[in-house]
Amino acid sequence: MPKTTRFHHLTIALVIALSLMFAGSAVSKANAAPKYSWKLAMTWPTNFPIFGDAVQKMADLVKVMSNGEMEIRIDSKNKHKAPLGILDMVKGGQYEMGHSASYYWKGKDVNLMFFTTMPFGMIAPEQYAWFYYGGGMELMEKAYSRHHVYSFPGGNTGNQMGGWFQKEIKSEADLKGLKMRIPGFAGEVLSKLGVVVTNIPAGELYTALERGNIDALEWVGPSLDLNMGFHKIAPYYYTGWHEPATELQFLVNQKKFDALPEYLQAIITTAMELSAYDMYSRSMNDSAVNWDLIQKDYPDIKIRTFPKEIIAKLKIENNKLLNEQAAKNPMFKEILDSQRSYMKKVRNWTKISDYAYLKDNISE
Ligand code: CA
């Protein structure tokens with residue numbers, strides 16, 4: 001059985017056992033000197049909501065569940081100054097753990113981008129099913145093994161919005177020469193339709209859009225977009241196609257993880273899984289709350305969906321790019337085939353369950 005899934009099925013039993021243990025021992029305190037002091041480097045800045053909170057929750061769970069035997073110190077990008085260098089730092093052992101997004105290393109190892117989200121790919125419940133029951137965890141462990149790192153789901157943003165646009169996109173001609181900030185594989189797909197794709201650090205996005213250096217950008221969704229203020233300067237908010245289930249990643253140095261006693265391995269695994277799933281619920285809540293606020297304060301914001309012919313073209317280009325890579329990279333092909341065949345199966349169920357329910361019962 002792969003190392004990253006060993007404790008998955010034990011999770012519920014373990015939590016119950018630990019709860020009983022702590023409930024029965026009122027004097028038990030998580031303040032003994034830790035036997036294991038680990039460090040975690042995250043891509044996000046200090047006090048970054050939702051993403052950073054998921055990391056903190058994981059560390060808190062580890063501390064209390066290990067009865068203080070294990071502590072994880074969290075370093076934000078303000079401290080380590082290498083927001084996109086998390087994989088290297090965990091691989092090299094400067095940090096035992098990391099928290100980031102797998103598609104940031106598309107340029108270093110293209111096979112890793114599959115474990116965040118893919119354009120026109122699975123939605124979050126489908127993707128979690130693929131990770132834990134459809135072979136995803138096994139493939140992620142295999143793909144990451146050349147970096148001597150274990151990777152675990154690290155929290156899902158849910159479906160991301162297609163972005164903020166200054167002008168309405170009515171036809172493919174409107175995309176030609178449009179300057180847009182959009183990272184990852186989706187950027188490559190859009191560039192095939194003539195979009196001039198750039199990647200700009202988060203802190204400079206608002207100014208770039210306000211000054212017209214870019215015509216459009218995508219970030220996340222209302223959960224994190226509200227604080228960025230894009231709704232104050234761009235009137236069109238497009239629905240998504242490019243990141244249907246963005247999953248962040250916890251990374252753990254293989255040697256350090258293997259050297260832990262089994263019960264601490266189980267505790268860390270459980271803490272990561274719980275905090276990841278919690279971030280998914282939190283993202284759903286915060287997007288709902290923040291979208292309500294945006295609508296109240298800026299009732300003129302217009303929700304748009306890309307025209308059908310653009311979506312059809314994007315799908316063709318997406319598949320073409322994926323097939324080209326698969327033809328020259330066996331590991332890429334293995335993951336792509338797994339995701340495609342799993343999605344076909346799981347989507348048949350989604351169609352007659354959640355999709356049918358929403359389609360037939362949705363009311364304004
Ligand atoms: Ca995004």
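Above this text sits the structure in question.
### Focus: the pairing of strand β4 (residues 149–156)
Thinking step 1. Taken across its 8 residues, β4 has 8 buried, putting it largely inside the fold.
Thinking step 2. The pairing of β4 with strand β10 (residues 247–253) spans 6 bridges and is antiparallel. Along β10, the bridge assignment pairs Phe152 with Phe250.

### Digging into the environment of Tyr133
Thinking step 1. Turning to its location among the elements, Tyr133 is positioned in helix α5 (residues 124–133).
Thinking step 2. Judged by relative accessible area, which is 60%, Tyr133 ranks as exposed.
Thinking step 3. The sequence separation of Tyr133 and Thr5 amounts to 128 residues, and the corresponding C-alpha distance is 9.8 Å.

### Concerning the environment of Val189
Thinking step 1. Examined against the element boundaries, Val189 turns out to sit in helix α7 (residues 184–191).
Thinking step 2. Separated by 104 residues in sequence, Val189 and Gly85 have C-alpha atoms that sit 25 Å apart.
Thinking step 3. For Val189, the contacting residues outside a window of four places in its chain are Trp241, Leu314, Glu317, Asn318 and Leu321.

### Regarding the layout of surface pockets
Thinking step 1. Here the largest pocket defines a volume of roughly 1900 Å³.
Thinking step 2. Ranked by the residues each element gives to the lining of the largest pocket, the list is headed by helix α13 (residues 330–361), at 8 residues.
Thinking step 3. Classifying every residue of the lining of the largest pocket gives 20 nonpolar, 13 polar and 7 charged.
Thinking step 4. Space inside the second largest pocket adds up to approximately 700 Å³.
Thinking step 5. Surrounding the second largest pocket, 30 residues form its lining, Thr43, Leu84, Tyr104, Arg181 and Trp219 being those nearest its centre.
Thinking step 6. In terms of residue class, the lining of the second largest pocket is built from 17 nonpolar, 8 polar and 5 charged.

### Description of the sheet that holds strand β8 (residues 216–217)
Thinking step 1. A sheet is described by the order of its strands in space; here 6 strands give the open sequence β7-β6-β8-β5-β9-β11, paired in mixed fashion. What marks the edges here is a single partner per strand, and that holds for β7 (196–198) and β11 (302–304).
Thinking step 2. Sheet topology places strand β5 (residues 163–165) next to strand β9 (residues 236–238); 3 bridges connect them, and they run antiparallel. Residue pairing across strands places Phe165 opposite Tyr236, the latter belonging to β9.

### Some thoughts on the packing of helix α2 (residues 51–65) against helix α11 (residues 262–297)
Thinking step 1. Close contact between α2 and α11 brings their axes to 8 Å; oriented N to C, the two are set at 145°. α2 and α11 meet at a crossing whose hand is right-handed. In this structure, α2 contributes Phe51, Asp53, Ala54, Lys57, Met58, Leu61, Val62 and Met65 to the contact, and α11 contributes Ile267, Ile268, Thr270, Ala271, Met272, Leu274, Ser275, Asp278, Met279 and Arg282.
Thinking step 2. The residue inventory of the contact of α2 with α11, partitioned by class, reads 12 nonpolar, 2 polar and 4 charged.

### Notes on the packing of aromatic side chains
Thinking step 1. Under the criterion given, the structure shown has 21 aromatic pairs.
Thinking step 2. Aromatic pair Phe165 and Phe306: ring centres 5.6 Å apart, planes at 75°, arrangement edge-to-face. Of this pair, Phe165 sits in strand β5 while Phe306 is found in the loop between β11 and α12 (308–328), placing the two residues 141 residues apart along the sequence. Across this residue pair, the class does not change: Phe165 and Phe306 are buried.
Thinking step 3. When the ring centre of Tyr95 is taken as origin, the NZ or CZ atom of Lys39, which lies over that ring, is 6.0 Å away.

### Describing empty space enclosed by the protein
Thinking step 1. Here the structure, examined in full by the defined rule, presents 2 cavities of 30 Å³ or more.
Thinking step 2. Within this model, the largest cavity holds a volume of roughly 60 Å³.
Thinking step 3. Tyr103, Met113, Thr117, Met118, Pro119, Pro183, Gly184, Phe185, Ala186, His242 and Glu243 together form the lining of the largest cavity.
Thinking step 4. The residue inventory of the lining of the largest cavity, partitioned by class, reads 7 nonpolar, 3 polar and 1 charged.
Thinking step 5. Put simply, the second largest cavity is a space of about 50 Å³.
Thinking step 6. If you trace the second largest cavity, you find it lined by Thr4, His8, Tyr132, Met137, Phe152, Pro153, Thr269, Met272 and Glu273.

### As for a nonpolar patch on the surface
Thinking step 1. A surface patch of nonpolar side chains, about 360 Å² in accessible area, is lined by Tyr357, Leu358 and Ile362.
Thinking step 2. Take Leu358: it is sitting in helix α13.
Thinking step 3. For Leu358, a relative accessible area of 47% gives the class partly exposed.

### Considering the coordination of the calcium ion
Thinking step 1. Bound to the calcium ion on the protein side are Gln160 (OE1), Glu218 (OE), Glu218 (OE), Trp219 (O) and Glu243 (OE), at distances that span 2.3 to 2.7 Å.
Thinking step 2. Between the donor residues of the calcium ion, the gaps in sequence give the motif Q-x57-E-W-x23-E. In this pair, Trp219 sits in the loop between β8 and α9 (222–228) while Glu243 sits in the loop between β9 and β10, placing the two residues 24 residues apart along the sequence. Across the pair, exposure class does not vary: Trp219 and Glu243 are buried alike.

### A short note on the packing of α5 against helix α6 (residues 136–145)
Thinking step 1. It is at 4 Å that the axes of α5 and α6 come closest, and there the two elements cross at 70°. For the element pair α5 / α6, the angle class is roughly perpendicular. Facing Trp130, Phe131 and Tyr132 of α5, the residues of α6 in contact are Gly136, Met137, Glu138, Leu139 and Met140.
Thinking step 2. Looking at the contact of α5 with α6 residue by residue, the class counts come to 6 nonpolar, 1 polar and 1 charged.

What counts and how
- Residues numbered from 1 in each chain as written.
- Predicted model: local features only at pLDDT ≥ 70, side-chain atom pairs only at ≥ 80, totals over all residues.
- Heavy atoms only, no water.
- Buried < 20%, exposed > 50% of the residue type's maximum accessible area, 1.4 Å probe, protein only.
- Helix = DSSP H or I, 4+ residues; strand = E, 2+ residues; numbered from the N terminus.
- Pairing = 2+ DSSP bridges.
- Contact = heavy atoms within 4.5 Å.
- 1 Å grid on protein atoms, 1.4 Å probe; cavity = no way out; pocket = protein on both sides within 12 Å on 5 of 7 lines; lining within 4 Å.
- Points joined across faces, edges and corners; volume = space filled by probe spheres on them.
- Nonpolar A, V, L, I, M, F, W, Y, C, P; charged D, E, K, R; others polar.
- Axes fitted to C-alpha atoms, helices over the stretch in contact; angles between N-to-C directions.
- Left-handed = near helix turned anticlockwise from the far one by under 90°.
- Phe/Tyr/Trp six-rings, centres within 6.5 Å; stacked < 30°, edge-to-face > 60°.
- Lys NZ or Arg CZ within 6 Å of the ring centre and 35° of its normal.
- Patch = residues over 30% accessible without salt bridge, like charges linked within 9 Å, V, L, I, M, F, W, Y side chains within 5 Å.
- Areas by Shrake-Rupley, 256 points an atom, 1.4 Å probe, with all protein chains shown as cover.
- Salt bridge = Lys/Arg side-chain N within 4 Å of Asp/Glu carboxyl O.
- Donors = N, O, S within 2.8 Å, 3.2 Å for Na, K, Ca; no water.
- Parallel < 35°, antiparallel > 145°, perpendicular 65-115°, else oblique.

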